[in-house]
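Architecture at a glance
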Amino acid sequence: MEQEVSRSIFARVREVPADPIFGLNDLFRLDPRKDRINLTYGVCLEEDGSAPKIFTAVKKAEELLLKTEKTKTYLPILGDEEYIRQTGKFVLGPYWKEEIVVGAQTVGGTAALRILSDFLKNEISSEAALSNYTWPNHPQIFDRVGIKREAYPYWVDGKFDFDRFYRYLSKLSRKTIVQLQPTSHNPTGVDLTLEEWREVALLCDRNGLIPFFDSAYQGLGQGIEKDVAPIRLFLENGLECLIAHSYSKSMAVYAERVGALFVCMRDAKDRERISSNIASLIRTQYSNPPKHSASVAKLLLTHPDLNELWKKELEEMRLRIVTMRHTLAQKLGKRLHVDFSYIDKGCGLFSLLHLSKSQIIALREKHAVYITEQGRINLAALNPTNIEAVVDALCSVWQGSKAL
Ligand SMILES: Cc1ncc(COP(=O)(O)O)c(C=O)c1O
């Protein structure tokens with residue numbers, strides 16, 4: 001019998017594995033258990049575990065827009081110019097200099113990462129180093145654009161080892177893209193000190209490495225200014241670098257998709273060529289960015305009352321995470337007689353737990369506590385009501401384990 005040959009043009013389409021984080025969220029949604037707890041994806045939930053509420057500052061900005069907005073016509077390809085200027089000042093501070101920075105509004109931080117990766121691959125370099133571990137979408141984006149990647153040691157035997165990290169970076173060949181997170185490192189929650197950042201900046205300069213910052217948590221680590229100090233330190237030392245920025249978390253506007261990219265150069269002569277490349281990449285991917293989210297962000301950055309209110313709401317959220325870090329570290333320490341102070345000292349939404357694959361599965365299947373495959377938990381999804389259940393579940397899977 002002759003084998004039947006499929007006539008479908010899609011018969012050989014390859015299946016791509018589900019995204020590690022969104023895939024788990026799909027599983028979570030289908031889980032019928034009422035007491036299930038989702039510590040997987042990076043959103044700051046409310047105290048009662050409900051979905052993040054819209055900031056009052058955002059609501060007020062939207063009310064103002066409803067009254068004053070006159071048109072929904074296209075934005076320029078690079079986005080709203082005032083939004084870019086204000087975001088440039090917010091991220092780069094005194095180093096926002098229009099003649100040597102190309103800025104563009106992007107569809108969240110992810111599009112900034114993607115556009116910049118495309119730009120780097122097309123024009124500058126096809127080799128990159130990423131931290132081990134990192135946010136799972138980082139390697140996915142590099143793979144998609146065809147940038148060869150390697151992993152630099154960051155989280156080794158349950159801690160950040162600066163010497164190993166630095167030694168590894170110092171062996172990278174010139175023009176290697178080095179992806180860095182200025183604050184609230186995803187997934188470890190452990191950041192470099194400013195002194196360590198200074199050493200890395202000098203190393204990148206000396207060895208011709210290409211710093212590529214992913215700044216998705218400005219204001220949620222140590223505070224708005226401190227969280228971008230590493231980027232500004234690089235610029236202060238005359239380095240060129242690329243930056244992807246996101247407001248998804250800091251303005252709690254996740255679904256509105258608002259972010260920005262910046263390319264900071266030494267020589268103003270390079271500016272037009274860089275800008276033309278970025279514009280072409282945006283034009284051929286999504287043409288131009290959405291207006292509403294940038295208009296809201298612009299108001300939060302410029303309107304004195306809304307700016308003050310937003311910063312207050314952001315700081316409250318940051319402090320809630322700090323409290324949850326402290327509480328979890330204390331509760332686990334008390335129950336297991338192990339030092340969990342690294343959770344307390346960490347920064348931002350995430351921490352890594354020393355859990356084996358089977359323990360992570362047991363957490364999910366037996367205890368309905370969902371965490372990522374890396375062992376990452378989102379502290380901004382913990383609250384006074386669910387924390388005991390999470391501690392109980394962790395103690396149960398860790399019982400008798402040598403991992404601690
Ligand atoms: C490290 C990191 N970079 C970038 C992003 C992208 O954020 P956005 O939702 O704005 O695309 C995230 C989101 O989770 C993140 O954790």
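Remember, it's a predicted structure, so these values are computed and weren't measured experimentally.

**Considering the overall build of the chain**
Looking only at helices and strands, the chain has 15 helices and 13 strands in total. In terms of C-alpha radius of gyration, the chain reaches 22 Å, essentially the compact-globule figure of 22 Å for 404 residues. Its C-alpha atoms give the chain principal-axis dimensions of about 65 × 65 × 60 Å. Counting every position in the chain, which comprises 404 residues, the buried fraction comes to 54%. Across the chain, the fraction of contacts at a sequence separation of at least 24, relative to all contacts at a separation of at least 6, is 78%. Within the structure as shown, the chain displays about 19700 Å² of accessible surface, and the carbon and sulfur contribution to it stands at 51%.

**Side note on the state of the cysteines**
Using the criterion set out here, one finds zero disulfides in the structure. Unpaired in terms of disulfides, Cys241 finds its nearest cysteine sulfur in Cys264, a separation of 4.6 Å.

**Some points on the site of the ligand**
Surveying the vicinity of the ligand reveals 14 residues, the closest of which are Thr110, Asp214, Tyr217, Ser246 and Ser248. The side chain of Asp214 places a nitrogen or oxygen atom 2.5 Å from a nitrogen atom of the ligand. In the model, an oxygen atom of the ligand is placed 2.7 Å from a nitrogen or oxygen of the Tyr217 side chain. Contact with the protein chains removes 91% of the 390 Å² of surface that the ligand exposes when unbound.

**Describing the domain arrangement of the chain**
Splitting the chain by domain gives domain 1 (20–53 + 310–398) and domain 2 (74–302). If you average the C-alpha positions of domain 1 and of domain 2, the two centres end up 27 Å apart. Contacts between the two partners involve 25 residues from domain 1 and, on the opposite side, 30 residues from domain 2. Across the domain 1 to domain 2 interface the summed buried area is about 2200 Å²; carbon plus sulfur atoms make up 68%. For the domain 1 face of the interface with domain 2, the top three residues by lost area are Trp310, Cys347 and Gln374, together amounting to 29%. Our count for the contact surface shared by domain 1 and domain 2 stands at zero salt bridges. One can count seven residue pairs in polar contact (both at pLDDT 80 or more) joining domain 1 with domain 2.

**A few points about the nonpolar core**
In terms of nonpolar packing, the biggest core is built from 101 residues, with Leu92, Phe165, Phe234, Phe262 and Leu332 touching the most fellow members. Ranked by residues supplied to this core, first place goes to helix 12 (residues 304–336) with 10 residues. Mapping this core onto the domain boundaries places at least three of its residues in each of domain 1 (20–53 + 310–398) and domain 2 (74–302). Those residues in contact with Phe234, other than ones at most four positions away along the chain, are Leu180, Trp197, Val200, Ala201, Cys204, Pro211, Phe213 and Leu239. In this structure, Ala112, Leu116, Ile141 and Phe142 belong to the second largest nonpolar core, which totals 26 residues.

**Some details on the side chain of His138**
With respect to the helices and strands, the residue His138 is situated in helix 5 (residues 137–145). What makes His138 buried here is its relative accessible area of 2%. Excluding its chain neighbours within four sequence positions, the residues that come into contact with His138 are Leu113, Leu130, Gln179, Gln181 and Asp214.

**Considerations on the packing of helix 3 (residues 81–92) against helix 11 (residues 291–302)**
Look at helix 3 against helix 11: their axes get within 9 Å of each other, and the N-to-C directions meet at 50°. Between helix 3 and helix 11, the crossing angle belongs to the class labelled oblique. In this structure, the crossing between helix 3 and helix 11 has a hand that is left-handed. Contact with helix 3, carried on its side by Glu82, Tyr83, Gln86, Thr87 and Phe90, involves Ala294, Ala297, Lys298, Leu301 and Thr302 of helix 11 and no other residues of that element.

**Concerning the pattern of salt bridges**
Enumeration according to the criterion identifies 21 salt bridges in this entry. A salt bridge links Arg232 to Glu225; the shortest N-O distance between them is 2.7 Å. Here Arg273 makes a salt bridge to Asp270, at a shortest N to O gap of 2.7 Å. Within the structure, one salt-bridge network assembled from shared partners comprises Glu69, Lys72 and Lys291.

Cut-offs used in this document
Residues numbered from 1 in each chain as written. Predicted model: local features only at pLDDT ≥ 70, side-chain atom pairs only at ≥ 80, totals over all residues. Heavy atoms only, no water. Helix = DSSP H or I, 4+ residues; strand = E, 2+ residues; numbered from the N terminus. Rg over C-alpha atoms; globule rule 2.2 N^0.38 Å. Buried < 20%, exposed > 50% of the residue type's maximum accessible area, 1.4 Å probe, protein only. Contact = heavy atoms within 4.5 Å. Areas by Shrake-Rupley, 256 points an atom, 1.4 Å probe, with all protein chains shown as cover. Disulfide = S-S within 2.5 Å. Near = heavy atom within 4 Å. Polar contact = N/O pair within 3.5 Å; in protein donor to acceptor, adjacent residues only side chain to side chain. Domains from an automatic or database assignment. Buried area = accessible area lost by both parts, 1.4 Å probe. Salt bridge = Lys/Arg side-chain N within 4 Å of Asp/Glu carboxyl O. Core = buried A, V, L, I, M, F, W, Y, C linked by side-chain atoms within 4.5 Å. Axes fitted to C-alpha atoms, helices over the stretch in contact; angles between N-to-C directions. Parallel < 35°, antiparallel > 145°, perpendicular 65-115°, else oblique. Left-handed = near helix turned anticlockwise from the far one by under 90°.

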